[in-house]
Structures are given as C-alpha cells and as structure tokens.
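Now for the letters of each chain:
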Amino acid sequence: MFEISVKRRFAAAHRLEGYQGQCSALHGHTWIVEVAVAGSGLDSCGMLADFRIIKETVDGIVTDLDHSYLNDIVFFSGGDPKNNPTAENIAFYIYGKVKEQIIKISPGLMVRGVRVWESPDASALYREDL
Ligand SMILES: [Zn+2]
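Residues numbered from 1 in each chain as written. Predicted model: local features only at pLDDT ≥ 70, side-chain atom pairs only at ≥ 80, totals over all residues.

Draft legend 1. Representation of the sheet that holds strand β3 (residues 68-69) in the model. Within the open sheet, the 5 strands sit side by side as β3-β1-β2-β4-β5. Their pairing is mixed. In this open sheet, the two edge strands, each paired with only one partner strand, are β3 and β5 (122-126). With 7 bridges connecting them, strand β2 (residues 27-39) and strand β4 (residues 110-119) associate as antiparallel partners. Bridging from a neighbouring strand, Val-35 pairs with Val-114 of β4. The strands touched by helix α1 (residues 51-62) within the sheet are β1 (2-14) and β2, with β1 carrying the most contacts at an inclination of about 25°. Strand contacts of helix α2 (residues 87-105): β2, β4 and β5, with the helix running at about 150° to β4, the strand carrying the most contacts. (Pairing = 2+ DSSP bridges. Helix = DSSP H or I, 4+ residues; strand = E, 2+ residues; numbered from the N terminus. Contact = placed C-beta atoms within 7 Å. Axes fitted to C-alpha atoms, helices over the stretch in contact; angles between N-to-C directions.)

Draft legend 2. Summary view of α2. The end-to-end C-alpha distance of α2 is 26 Å, a good match for the 27 Å that 19 residues give at a rise of 1.5 Å each. Residue Lys-99 marks the point of greatest curvature in α2, where the axis turns by about 25°. Listing the buried residues of α2 in full gives Ala-87, Ile-90, Ala-91, Tyr-93, Ile-94, Tyr-95, Val-98 and Ile-102. Against the buried residues of α2 lie β2, α1, β4 and β5. (Expected span 1.5 Å × (residues − 1). Bend = angle between axes of the 7 residues up to and from the residue. Buried ≥ 20, exposed ≤ 12 C-beta atoms within 10 Å, placed from the backbone.)

Draft legend 3. Highlighting the environment of Glu-34. Note on placement: Glu-34 falls in strand β2. A residue is classified by how many C-beta atoms lie within 10 Å of it, and Glu-34, with 19 of them, is partly exposed. Between the alpha carbons of Glu-34 and Ser-68 there is a distance of 19 Å; along the sequence they are 34 residues apart. If we ignore the near neighbours within four places in the chain, the residues touching Glu-34 are Ser-5, Lys-7 and Arg-115.

Draft legend 4. Representation of the pairing of β4 in the model. Bridge analysis of β4 against β5 gives 5 bridges, and the strand direction is antiparallel. By the bridge assignment for β5, Ser-119 is matched with Ala-122. In textbook terms, the turn of a hairpin is the stretch between consecutive antiparallel strands, and for β4 and β5 this stretch comprises 2 residues.

Draft legend 5. Representation of the pairing of β1 in the model. Here β1 runs beside β2; their pairing, made up of 13 bridges, is antiparallel. Within β2, the residue paired with Ala-12 across the bridge is His-29. Of the pairings in the sheet, the one linking β1 to β3 comprises 2 bridges and is parallel in character. Looking at the pairing, Ala-13 lines up with Tyr-69 of β3.

Draft legend 6. α1, seen in detail. Taking 1.5 Å as the rise per residue, α1 with 12 residues should run 16 Å; its terminal C-alpha atoms sit 16 Å apart, in good agreement. Listing the buried residues of α1 in full gives Ile-54, Thr-57, Val-58 and Ile-61. When α1 is viewed along its axis, its buried side chains cluster within an angular range of 90° and face the same direction. Facing away from the buried surface of α1 by more than 90 degrees, the exposed residues are Arg-52 and Gly-60. Where α1 is buried, its residues meet β1, β2 and α2. (Arc of directions from axis to C-beta.)

Draft legend 7. Seen up close, the packing of α1 against α2. The N-to-C vectors of α1 and α2 enclose an angle of 140°; their axes lie 10 Å apart at closest approach. Put simply, α1 runs oblique to α2. Judged by the twist between their axes, the crossing of α1 over α2 is right-handed. Along the contact surface, α1 presents Ile-53, Thr-57, Val-58 and Ile-61, while α2 presents Ile-94, Lys-97, Val-98, Gln-101 and Ile-105. When the residues that make up the contact of α1 with α2 are grouped by side-chain class, the tally is 6 nonpolar, 2 polar and 1 charged. (Parallel < 35°, antiparallel > 145°, perpendicular 65-115°, else oblique. Left-handed = near helix turned anticlockwise from the far one by under 90°. Nonpolar A, V, L, I, M, F, W, Y, C, P; charged D, E, K, R; others polar.)

All quantities given are derived from atomic positions and should not be read as evidence of function.
Listed below in structure tokens is the structure:
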C-alpha cells in the first residue's frame, strides 16, 4: 500500500455559535488542508497518482471556501452549533468532496484522511477507519 498527500491552503472567516470563548467572535484563519490518498498499484511512471491531479482536485474544492465566511455555507449553517465550521467539520466536509471525486481519478485510489490546520499548532483529522 502506498500513500501520498498534498497540502493546499485557503483563507476564510468563521465564528463558532454556542461557544463561550474568543472563537465566538468573527475572525479568520489561513487554513491548511492536507489530503492523503492511498492505493496499492503504481502506474507505468512509478506513481500512485500524479500530485498535480490531486492538487487540482483539492483546489477545486477549497476554491469554494477561499475568502468566504464559512458560516454562510449551507453545510455549516442551519443554526445547530454542532455544524459549526470547526477544523473538524471542515475536514469532514472536504473528505466527502474528495471521496466523491477520487474515484474519477483512479478506481484504485481511496481517501485515507483529510487534516485541516487552523494554526501551525492545531489541526483536526477526519478519516473513516477510526
Ligand atoms: Zn477560528
């Protein structure tokens, strides 16, 4: 089994509903998204997948989040604080989108995990095998 990962970044604002603390106020982050994909077969060039293709796939997803107010995105709205645009929920959102698209790149690829960093010291990981 091989695993490769790419990192992309986007800037976006959010606030956490129902949270008692600084993050209840409107503020922003430069979010870093790390997407890992895995598979067992290498292509004729010795690659699991072309990094460029994986980067383009993730870029196509994060471009909708870039310079946005994340709370306005339907996935994170609806009034339930459980849907807040936290690093955890953003990782879950991106995981679902990557999973939909990865099959189009190669049927042998699977998403291993999506990690979202909201600062250099704090990240959340979503993957399905935990
Ligand atoms: Zn924040």
